[in-house]
There are 2 protein chains.
Amino acid sequence: MQNINIELLKSYGLKATPQRIDILNTIEKLGHANIDEIYEIVKKSNPTISLATVYKNITALVEKALLKEVALNNFKSKYEIIKDRHSHLICKVCGKVTDVELNNEILLLSEQLSNNNNFNYKDIELNIYGICSSCA
Amino acid sequence: MQNINIELLKSYGLKATPQRIDILNTIEKLGHANIDEIYEIVKKSNPTISLATVYKNITALVEKALLKEVALNNFKSKYEIIKDRHSHLICKVCGKVTDVELNNEILLLSEQLSNNNNFNYKDIELNIYGICSSCA
DNA sequence: TTGCTACAAATAAAAATTATTAATTAGGAG
DNA sequence: CTCCTAATTAATAATTTTTATTTGTAGCAA
Ligand SMILES: [Mn+2]
Ligand SMILES: [Mn+2]
Ligand SMILES: [Zn+2]
Ligand SMILES: [Zn+2]
């Protein structure tokens, strides 16, 4: 089909409404985006969309594990389409989030750490905070 | 002096008000706590404290780098007194945050990763999400 | 075609955070 | 120790963020 996100929604058993498609297209384009960024961009192609619709859909898509929240120190949470495990470079100045490869070694160490602490490991998040090249 | 947090505040050039001392004592006791948890506990010893005072002080102490925000997926941010670098086990059910040792290897890999990506490394955060023993 | 269900827009309500203002106080100067 | 003052607080009020409600519509199944 022409748009991969329509397929994505359907594969998760969700209706591919124009609003949802727009939201996913926006997140896909930006990589990581917060609610306001998504709303502002989606409004351009769909001027009557309600902010509440963005909230409701983001929540629904996170619940269905199609999107993932990226909670940030100092900034509003961003959302990304779930993909292979990776790590994040997070700019303390502009809040930009960049994907980087996650070393497998780190994954193993984290699982060990969980076992040692009687903790049922599910997921790891390695966030590296610093200053991005455009803000430097 | 009897209370280490009074010294802590003064060493950061901050007035040691009863409100701030109570807030720090609470965070120290809980390890990691969000605004509401702090407010509820501090109210016991200081029933007239305002929630806005808790907000204002938390913000101030984070700015002075005496406290650190711990942003969490799905839960309100928690705050901890800044201490040696460490990692977090985060329970997806109850939101409890537990400190664990941070392998030095991971730190080195993260710095390398930053260099490779023209990113000015400042800080690392390794959050391990899963289910804690009491929730299991 | 009719009825059902999921969804959206519009709006209201609730929850979270920040700003304002007048009164109080911590900490230093004398 | 007493006084002074800038910093801080309590008590709101205001704003911002998030969630709930209501009503209408579109897609689909019987
Ligand atoms: Mn990512
Ligand atoms: Mn900690
Ligand atoms: Zn930046
Ligand atoms: Zn738990």
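Our structure is the block above this text.
Student: Looking at this model, I keep getting lost on the coordination of the manganese ion (ligand 2). Mind explaining?
Tutor: Angles at a metal have ideal values that depend on geometry: 109.5 degrees with four tetrahedral donors, 90 or 180 degrees with six octahedral donors. Residue and element names in this part refer to chain B. Around the manganese ion (ligand 2), the protein contributes the donor atoms His 32 (NE2), Glu 80 (OE), His 86 (NE2), His 88 (NE2) and Asp 99 (OD), which lie 2.0 to 2.3 Å from the metal centre. Look at where the donors of the manganese ion (ligand 2) fall in the sequence and you get H-x47-E-x5-H-x1-H-x10-D. Highlighted residues: His 32 in the loop between α2 (18-30) and α3 (35-45) and His 86 in the loop between β2 (75-81) and β3 (87-91), separated in sequence by 54 residues. Assessed through its relative accessible area of 7%, His 32 is described here as buried. Judged by relative accessible area, His 86 falls into the buried class, the value being 15%.

Student: How should I be thinking about the protein's contact with DNA strand D in this particular structure?
Tutor: Surrounding DNA strand D, one finds 16 residues, the nearest of these being Tyr 55 of chain A together with Thr 17, Gln 19, Arg 20 and Thr 53 of chain B. Near-protein atoms of DNA strand D (within 4 Å) split between backbone and bases, with sugar and phosphate holding 82%. Taking Arg 20 of chain B, its side chain carries an N or O atom lying 2.8 Å from a phosphate oxygen of DNA strand D. A distance of 3.5 Å is found between a phosphate oxygen of DNA strand D and a backbone nitrogen or oxygen belonging to Thr 48 of chain B.

Student: Whenever I open this one, unusual backbone geometry confuses me. Can you help?
Tutor: In most cases, non-glycine residues show a negative phi, while peptide bonds are predominantly trans. The phi dihedral of Asn 118 of chain A falls on the positive side, at around 55°, and the residue is not glycine. Looking at the secondary structure, you find Asn 118 of chain A in the loop between α5 (104-116) and β5 (120-131).

Student: Sorry if this is basic, but what is going on with the environment of Leu 107 of chain A here?
Tutor: Residue and element names in this part refer to chain A. Within the fold, Leu 107 resides in helix α5. Leu 107 sits 24 residues away from Ile 131 along the chain, and the two C-alpha atoms are 25 Å apart. Dropping the residues within four chain positions of it, Leu 107 is found in contact with Arg 85, Tyr 121 and Ile 124.

Student: So what exactly am I meant to see when it comes to the protein's contact with DNA strand C here?
Tutor: In the neighbourhood of DNA strand C, 19 residues make up the surrounding shell, with Thr 17, Gln 19, Arg 20 and Thr 53 of chain A together with Tyr 55 of chain B lying closest. Sugar and phosphate atoms form 81% of the subset of DNA strand C atoms that lie within 4 Å of the protein. Lys 15 of chain B is positioned with one of its side-chain polar atoms (N or O) 3.5 Å from a base nitrogen of DNA strand C. Elements that contribute at least two residues to the surface near DNA strand C include exactly α2 (18-30) and α4 (51-63) of chain A together with α4 (51-63) of chain B. Split by residue class, the surface near DNA strand C holds seven nonpolar, seven polar and five charged.

Student: How should I be thinking about the relation of the copies chain B and chain A in this particular structure?
Tutor: Two copies of the chain are present, and they differ by a rotation about an axis and a shift along that axis. Aligned on chain A, chain B shows an RMSD of 0.0 Å; the corresponding rotation is 180° and the shift along the axis is 0.0 Å. When the rotation and shift are considered jointly, the pair of chain copies conforms to a two-fold rotation axis. In terms of proximity to the rotation axis, the leading residue of chain B is Leu 126 of chain B, whose C-alpha is 2.3 Å off the axis. Taken together, the interface assignments show that 100% of the residues at the interface of chain B recur at the interface of chain A, consistent with an identical surface on both copies.

Student: Can you walk me through the coordination of the zinc ion (ligand 3) in this structure?
Tutor: Residue and element names in this part refer to chain A. Protein coordination of the zinc ion (ligand 3) is provided by Cys 91 (SG), Cys 94 (SG), Cys 132 (SG) and Cys 135 (SG), with donor distances spanning 2.2 to 2.4 Å. Geometry at the zinc ion (ligand 3) is tetrahedral, judged from its four donor atoms and the angles of 104 to 118° they form at the metal. Each donor residue of the zinc ion (ligand 3) lies on the same chain, and together they follow the pattern C-x2-C-x37-C-x2-C. You can see Cys 94 sitting in the loop between β3 (87-91) and β4 (97-100) and its partner Cys 135 sitting in the segment after β5, a full 41 residues away along the chain. On the basis of relative accessible area, Cys 94 is assigned to the partly exposed category, the value being 39%. Of the residues examined, Cys 135 reaches a relative accessible area of 28% and is grouped as partly exposed.

Conventions and cut-offs
Residues numbered from 1 in each chain as written. Chains lettered and ligands numbered in written order. Predicted model: local features only at pLDDT ≥ 70, side-chain atom pairs only at ≥ 80, totals over all residues. Heavy atoms only, no water. Donors = N, O, S within 2.8 Å, 3.2 Å for Na, K, Ca; no water. Helix = DSSP H or I, 4+ residues; strand = E, 2+ residues; numbered from the N terminus. Buried < 20%, exposed > 50% of the residue type's maximum accessible area, 1.4 Å probe, protein only. Near = heavy atom within 4 Å. Polar contact = N/O pair within 3.5 Å; in protein donor to acceptor, adjacent residues only side chain to side chain. Contact = heavy atoms within 4.5 Å. Nonpolar A, V, L, I, M, F, W, Y, C, P; charged D, E, K, R; others polar. Least-squares fit on C-alpha atoms with pLDDT ≥ 70 in both. Tetrahedral: all angles 85-135°; square planar, octahedral: opposite > 155°, others 65-115°.

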